[in-house]
Amino acid sequence: MSLVSGPGRAGATALPEELQLAIEPHVKYIQSLDSRKDELEYWLTEHLRLNGLYWGLTALHLLSRPDALPRDETIKFVLSCQHDNGGFGAAPGHDAHLLYTCSAIQILAMVDALDDLDNLGKGEGGGRVAVGKYIAGLQNRETGTFAGDEWGEEDTRFILCALNALSLLHLLNVVDMNKAVDYVVSCANFDGGYGVSPGAESHSGQIYACVGALSIAGRLDLVNKDKLGRWLSERQVEAGGLNGRPEKLEDVCYSWWVGSSLAMIGRLHWIDGPKLAEYILKCQDPKEGGFADRPGDMVDVFHTVFSIAGLSLLEFPGVEEVDPCYCMPKSVIERVLGRNG
Amino acid sequence: MSRALDKEIVASLQNDDPTSIYEDISSALCQDREELLEIEFLGKSHPLPPGTNFLLDENSIAIPKVKLVQAFVVARQIFFNLVDDCPEDKLHVLRNSATVILLMDPEHITAANSRKRLLLRAGAPSPEMLKAMLRKELLFVDSFLTARLHRHTKSPTLWGHRRWILEKCQTVGMGYDIQQDLHTIILVAAERHPRNYYAWSHLRWVVQNLCVEDKTKSEISLFIKDWCLRNPSDISGFSFLLFCLAPFETPENVPRSEASTFVCEEVLGLAVSFKWTYESVWVFLRTIVATGLVANSQRSAFLEAINNLLATCQDEPKARSNLKNAMRWFEENQQTNVSLRVKDNDLASVQG
């Protein structure tokens, strides 16, 4: 029984049935996570709930099912995670952190509820202003990088979190963009990649964060695209999947971290797209829904969204266009930023 | 990465009293110790007799995953009941619940942060008391970071927590022994979790921020070089070695190019002897040779080695691509830095 839905299936019909995108099961899988059907699993994932909601919602949007999660409850839940300092925790009662603040803003942007933030949000100045203040307070004004929270851990991932959220709020002016850009540039390694801090090992996830930050800042001109493209293209293994660093096992989530980085620097064609798409589809559970890190492993919503987003980059039929920097539907970014990509 | 529970674990969660499981596990786990605790999980292939929630043998503890999950549910409740405004007499209860939570999931930042707050909250204890508390906290995080637990050894939250503790130790004037740290904690984590990104970035931070003398840095570089040669498929080790040799930090490039050439020669020599085609080895070699900080002889030795090895691995596509990528990358990226090129006969005194 074919489970593919949506227009333009031309490419898909060439694939055997088990390598078609099983949309309805994926939608049902994501919906089931929200239903607290499995109470135990709900508690075990509480400390990343807001990330999980962002992952699930993004996947649903990319599968053209934006209404599959209840909008009002989503907004209410997100706002319940906000602290008086303007930042968001993973769930009510959990400490604020840039990782969850970024997801909160991305979710509200996707369901078009940034006004609700203005009306109902907490913190000094209220609404977007309070969130902007929280994020700005986490920038290291000397070096330009960002701490994740008051405890000071610095990581290039947090630069992207900060700029991603601030740009969606139209508040990039509250931080020192030049310093942030300089810091990212200082993280460029001789091998073309980027790491967690200057001189750190190149890593696909950190590369995505650094390139994404430069993209938001409009400074992709500062990237050595050929060198980085070369490093990223070497992530593709024989079986078609991508790994995160030399000699590591492939993991389907790297379809996103590597794929989007290549897309942002205009070199996605430097990997074998069809082979990657085939690998991604082998990681799905076509009956129960969801994607796993590798074929046959247990599925989870993290690998689900990055698989679907990866397929979107590869223009797989049945998947909406994703913005390679934000990992959100391109249509949402256009609406929020009021421009084309 | 998947936190999903398998159905068999879920199915076996009946009939047990979670509260007593929590009490049992937390008291074993949180006992006062002077040494690292070795922690392991037991899977369903190692069932324990009913009523037994862990195995403890001096400084080794093994906990069935099924029991830990149940203990976690209780820990979580206790934690969130106490975390806002915890009464003085319950501080240890809060701390213990955070320990169990972090054992279940090391990325639980609220639990990790609560431990920082508990340390800060201790009011103004005597310097000796604070140092003792910091030592205990370091022992806690180090036990998790060196455990045979896949996710804990590489956890950015736990490594970040360790950094915070070390910073506090510095501010109260506690000494820091990098060699001990390197051998008992950082490299242990690096070995138990190969290509351990956050362990190696922690080492970079330590070297750059905890007042490590140049002489010690050199010793460490040599030690890491030997470590890499014993772990040739570990890209993180080689990446750290490059960091040691890299010209980024100082303009004093001449000493560095002698070191680069020396290391390059040794790694290349072994790669040829053992016919290594590991991607990590060749990414390291192509990068260091391309930096322009090695003697000319190394450049030609590098290219010759690749050609010789290619002849020996005709049927190994991955090996061939590692070698060919190395050659191509080197050709595309080589730097020629005329003023700093080290002549071969200058090396005699270094290698002596």
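Here's what I pulled together on the structure shown here. (Residues numbered from 1 in each chain as written. Chains lettered and ligands numbered in written order. Predicted model: local features only at pLDDT ≥ 70, side-chain atom pairs only at ≥ 80, totals over all residues. Heavy atoms only, no water.)

With that settled, consider the interface of chain B and chain A. On the side of chain A, 41 residues touch chain B, which itself brings 50 residues to the contact. Between chain B and chain A, roughly 4400 Å² of surface is buried when both sides are summed, and carbon and sulfur atoms account for 59% of that area. Linking chain B to chain A there are six salt bridges. The closest approach of N and O atoms between Glu150(A) and Arg117(B), which form a salt bridge, is 3.4 Å. The tally of links between chain B and chain A comes to 19 residue pairs in polar contact (both at pLDDT 80 or more). Looking at the side of chain B that touches chain A, the elements with two or more residues in it are helix H3 (65-82), helix H5 (109-121), helix H7 (156-171), helix H9 (197-209), helix H11 (235-245), helix H13 (279-290) and helix H15 (317-333) of chain B. In the side of chain B that touches chain A, the residues fall into 23 nonpolar, 14 polar and 13 charged. (Contact = heavy atoms within 4.5 Å. Buried area = accessible area lost by both parts, 1.4 Å probe. Salt bridge = Lys/Arg side-chain N within 4 Å of Asp/Glu carboxyl O. Polar contact = N/O pair within 3.5 Å; in protein donor to acceptor, adjacent residues only side chain to side chain. Helix = DSSP H or I, 4+ residues; strand = E, 2+ residues; numbered from the N terminus. Nonpolar A, V, L, I, M, F, W, Y, C, P; charged D, E, K, R; others polar.)

Time to look at the sheet that holds strand S2 (residues 55-57) of chain B. Residue and element names in this part refer to chain B. Across the sheet, which stays open at both edges, the three strands sit in the order S1-S3-S2 with mixed pairing between neighbours. Each edge of the open sheet is held by one strand with a lone partner, namely strand S1 (38-42) and S2. Recorded for the sheet is a direction-independent mean angle of 15° between the axes of neighbouring strands. Two elements, S2 and strand S3 (residues 60-64), share three bridges in a ladder whose sense is antiparallel. Bridge pairing in S3 links leucine 56 to isoleucine 61. (Pairing = 2+ DSSP bridges. Axes fitted to C-alpha atoms, helices over the stretch in contact; angles between N-to-C directions.)

As a further point, take helix H4 (residues 71-80) of chain A. Looking only at H4(A), the buried set comprises Thr74(A), Ile75(A), Phe77(A), Val78(A) and Leu79(A). Considering only its buried residues, H4(A) is in contact with helix H3 (49-62), helix H5 (98-110) and helix H6 (114-120) of chain A. (Buried < 20%, exposed > 50% of the residue type's maximum accessible area, 1.4 Å probe, protein only.)

Secondary-structure assignment places Ser204(A) in helix H10 (residues 204-216). At 2.7 Å, the side chain of Ser204(A) forms a polar contact with the backbone oxygen of Gly244(A).

Counting 118 residues, the largest nonpolar core has Leu50(A) and Tyr194(A) as its most contacted members. Counting 106 residues, the second-largest nonpolar core is a separate cluster that includes Leu40(A), Ile220(B), Ile288(B) and Val294(B). (Core = buried A, V, L, I, M, F, W, Y, C linked by side-chain atoms within 4.5 Å.)

Turning our attention to the pattern of salt bridges. Tallied over the full model, the rule gives 32 salt bridges over all chains. Residue Lys282(A) is joined to Glu278(A) by a salt bridge in which the shortest nitrogen-to-oxygen separation is 3.7 Å. Within this pair, Lys282(A) and its partner Glu278(A) are both found in helix H13 (residues 273-282), separated by four residues, close to a single helical turn. With relative accessibility at 40%, the residue Lys282(A) sits in the partly exposed group. Classification of Glu278(A) as partly exposed rests on a relative accessible area of 33%. Between Arg121(B) and Glu88(B) there is a salt bridge, and its shortest N-O distance comes to 3.4 Å. You can see Arg121(B) sitting in helix H5 and its partner Glu88(B) sitting in the loop between H3 and helix H4 (91-104), a full 33 residues away along the chain.

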